[in-house]
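Summary of structural features
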Amino acid sequence: MGIYHVNLGAERIGQISYDKYGSAMRVIEYKTANDLTVEFVESGSIVHTTWRNFQAGVVKDPMAKSVYGIGVYGIGPYSSHEHPGAYRKWFDMLRRCYDPKWSKRGDAYKDVHVCEEWLNFQNFATWYYDNIPDLTNDYELDKDVLGGFGTKLYCPDNCSLIPQRINTMISLKEKIR
């Protein structure tokens, strides 16, 4: 008699594991050990992964508030690896607003927030690529030129991407006032 092949798919569907943040994820489809679909219970995000990654808890929920406890990577075409310029601007914006260490640097970012739409990297990256003048120069995200000096909200209506040297000149001029 030979070895019988057991279909693990049926018994693995519904199994629950936890990611490194403690979020529960459940297998909702199992094709092979290298091709399964999981759903994060709290956010409802659905991602494809492997059985090994599921068991190890290294699957990432794109809707988890994993950046300063408020920002999400979101579901869409933009990744931090393939779009580092957009990601760096988004991450730095969140850091200025939500990192307690940053607020110790002065009052410039006290009570400054990011609009709900931009807490999702996918939304910010879409705006970024729609608004960056060109990809060959370094631009800084500025909320004061359009929104007025002292604006407390990063959002599409208040922000622009401006050359670093112009941003520095504006900042110096405002400090002199």
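It should be noted that the structure appears before, not after, this text.
An account of the accompanying structure is given in this report. Note that the coordinates shown come from a computational prediction; the quantities given were computed from them, not determined experimentally.

Digging into the nonpolar core
- Of all hydrophobic cores here, the largest spans 25 residues; its most connected members are W118 and Y154.
- Where this core is concerned, the elements lending two or more residues are α3 (84-98), α5 (121-131) and β6 (139-142).
- No other element matches α3, which puts 6 residues into this core.
- By size, the runner-up hydrophobic cluster in this structure holds 10 residues, among which are V27, V38, V47 and F54.

Some details on the packing of aromatic side chains
- For the structure on display, the rule yields 15 aromatic pairs.
- Aromatic side chains Y87 and F121 sit 5.5 Å apart centroid to centroid with 75 degrees between the ring planes, which places their arrangement in the edge-to-face category. Linking Y87 in helix α3 with F121 in helix α5, this pair joins segments that are 34 residues apart in sequence.
- Look at F121 and you get buried, because its relative accessible area is 0%.
- Grouped by ring-pair contacts, the aromatic residues Y68, Y73, Y87, W90, F91 and F121 constitute a single cluster.
- Note that R12 overlies the ring of W51, its terminal NZ or CZ placed 4.0 Å from the centroid.
- Taking NZ or CZ as reference, K143 lies 5.8 Å from the ring centre of Y154, over its face.

Describing the side chain of N120
- Of note, N120 is situated in the loop between β5 (113-114) and α5.
- When residues no more than four places from it in sequence are discounted, the contact partners of N120 are M63, V72, Y73, G74 and W90.

Describing the pattern of salt bridges
- Here the structure, examined in full by the defined rule, presents 4 salt bridges.
- For the salt bridge of R26 with E39, the shortest nitrogen-to-oxygen distance reads 3.9 Å. Remark: E39 occurs in strand β3 (residues 35-40) and R26 occurs in strand β2 (residues 24-32); sequence separation between them is 13 residues.
- Owing to a relative accessible area of 29%, R26 belongs among the partly exposed residues under this scheme.
- Judged by its relative accessible area of 23%, E39 is partly exposed.
- Across the pair D92 and R88 runs a salt bridge, and its minimum N-O distance is 3.0 Å.

Points about the sheet that holds β2
- The 4 strands are arranged β1-β2-β3-β4 in an open sheet whose pairing can be described as antiparallel. Where the open sheet ends on each side, the last strands, each with one partner, are β1 (16-18) and β4 (46-49). The average undirected angle you get between the axes of adjacent strands in this sheet is 35 degrees.

Examining the environment of D61
- With respect to the helices and strands, D61 occurs in the loop between α2 (51-56) and α3.
- C-alpha of D61 to C-alpha of E42: the two residues are 19 residues apart in sequence and 9.8 Å apart in space.
- Each residue touching D61, except ones within four places of it in the same chain, is listed here: F40, S43 and S45.
- Here S45 takes part through its side chain, which lies 2.8 Å from a polar atom of the side chain of D61.

Conventions and cut-offs
- Residues numbered from 1 in each chain as written.
- Predicted model: local features only at pLDDT ≥ 70, side-chain atom pairs only at ≥ 80, totals over all residues.
- Heavy atoms only, no water.
- Core = buried A, V, L, I, M, F, W, Y, C linked by side-chain atoms within 4.5 Å.
- Buried < 20%, exposed > 50% of the residue type's maximum accessible area, 1.4 Å probe, protein only.
- Helix = DSSP H or I, 4+ residues; strand = E, 2+ residues; numbered from the N terminus.
- Phe/Tyr/Trp six-rings, centres within 6.5 Å; stacked < 30°, edge-to-face > 60°.
- Lys NZ or Arg CZ within 6 Å of the ring centre and 35° of its normal.
- Contact = heavy atoms within 4.5 Å.
- Salt bridge = Lys/Arg side-chain N within 4 Å of Asp/Glu carboxyl O.
- Pairing = 2+ DSSP bridges.
- Axes fitted to C-alpha atoms, helices over the stretch in contact; angles between N-to-C directions.
- Polar contact = N/O pair within 3.5 Å; in protein donor to acceptor, adjacent residues only side chain to side chain.

Nothing here speaks to function; it is geometry throughout.
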